[in-house]
Amino acid sequence: MVTAWYYKESEAENTEPHQYSPSQPVSNEKLDELGVLQWHFDPDTEFDKIDIHKDRFPNYKEKLGIFATEHLHDDEESRYVLDGAGFFDIRGKDEKWIRIHVQKGDWIILPA
């Protein structure tokens, strides 16, 4: 399952965890309250392969840059991690930022 924590602003690259010390974890119940749905499946045995890899995906760096700036979606956003890991940042109802760490097999749906 995913892990999440309150995001700490810093000069570090956006690919770094941006965690407080000690960490300020966000519970699965809190993510539920925000409408973040989550599951975990083994992509090697439970899903057909879909491959969006940086070496084969057109304009990969440009697409990645979109994720580094705040943006809104009119619809739910569904992400399934076939391999590797990454972060999704969301703004909580209290205006605090939450960083969600996803790894291979994690599937999240973020609300509109």
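A quick note: this is a predicted structure, and the numbers were derived from the prediction, not measured.

> How should I be thinking about the sheet that holds strand β3 (residues 77–80) in this particular structure?
Adjacent strands of a sheet form backbone hydrogen bonds with each other and so pair up, either parallel or antiparallel. Spatial strand order, β2-β6-β3: three strands in an open sheet with antiparallel pairing. Since the sheet does not close on itself, it has two edges, and those belong to β2 (37–40) and β3, each with one partner. Ignoring which end each strand starts from, the neighbouring axes of this sheet average 10 degrees apart. Alignment of β3 against strand β6 (residues 106–110), held across four bridges, turns out to be antiparallel. Bridge assignment links tyrosine 80 to a residue of β6, and that residue is tryptophan 107.

> Can you help me understand the sheet that holds strand β4 (residues 85–91) in this one?
The antiparallel open sheet is built from three strands, whose spatial order is β1-β5-β4. Taken across any chain shown, the strands that pair with only one partner, and hence form the sheet edges, are β1 (3–6) and β4. On average, each strand axis in the sheet is tilted by 25 degrees relative to the strand beside it, whichever way the strands run. Here β4 pairs with strand β5 (residues 97–103) via seven bridges, running antiparallel. Paired with aspartate 89 across the strands is arginine 99, a residue of β5.

> Would you explain the pattern of salt bridges in this entry?
Where charged atoms from two side chains of opposite charge approach closely, those side chains can pair. Applying the stated criterion across every chain yields a total of four salt bridges. A salt bridge links lysine 104 to aspartate 44; the shortest N-O distance between them is 3.0 Å. Residue lysine 104 is located in the loop between β5 and β6, and its partner aspartate 44 is located in helix α2 (residues 43–46); the two are separated by 60 residues in the primary sequence. Arginine 99 is paired through a salt bridge with aspartate 89; the nearest N and O atoms lie 2.7 Å apart. Placement of arginine 99 in strand β5 and of aspartate 89 in strand β4 is noted, with a sequence separation of ten residues between them. Residue arginine 99 is classed as buried on the basis of its relative accessible area of 1%.

> Would you explain the packing of aromatic side chains in this entry?
Here the distance between the centres and the angle between the planes together describe a pair of aromatic rings. This model, assessed by the stated rule, comprises four aromatic pairs. Measuring from ring centre to ring centre gives 6.0 Å for tryptophan 5 and phenylalanine 87, while their planes differ by 80 degrees; the resulting arrangement is edge-to-face. One end of the pair, tryptophan 5, is in strand β1; the other, phenylalanine 87, is in strand β4, and 82 residues separate them in sequence. By relative accessible area, tryptophan 5 is classed as buried at 7%. For phenylalanine 87, a relative accessible area of 26% corresponds to the partly exposed category. An aromatic cluster of three or more residues is present, and its members are Trp39, Phe41, Tyr80 and Trp107. In this structure, lysine 96 packs its charged tip against the face of tyrosine 6, placed 5.3 Å from the ring centre. A cation over an aromatic ring shows up here: arginine 99 above the ring of phenylalanine 87, its NZ or CZ 4.4 Å from the ring centre.

How each quantity is defined
- Residues numbered from 1 in each chain as written.
- Predicted model: local features only at pLDDT ≥ 70, side-chain atom pairs only at ≥ 80, totals over all residues.
- Heavy atoms only, no water.
- Pairing = 2+ DSSP bridges.
- Helix = DSSP H or I, 4+ residues; strand = E, 2+ residues; numbered from the N terminus.
- Axes fitted to C-alpha atoms, helices over the stretch in contact; angles between N-to-C directions.
- Salt bridge = Lys/Arg side-chain N within 4 Å of Asp/Glu carboxyl O.
- Buried < 20%, exposed > 50% of the residue type's maximum accessible area, 1.4 Å probe, protein only.
- Phe/Tyr/Trp six-rings, centres within 6.5 Å; stacked < 30°, edge-to-face > 60°.
- Lys NZ or Arg CZ within 6 Å of the ring centre and 35° of its normal.

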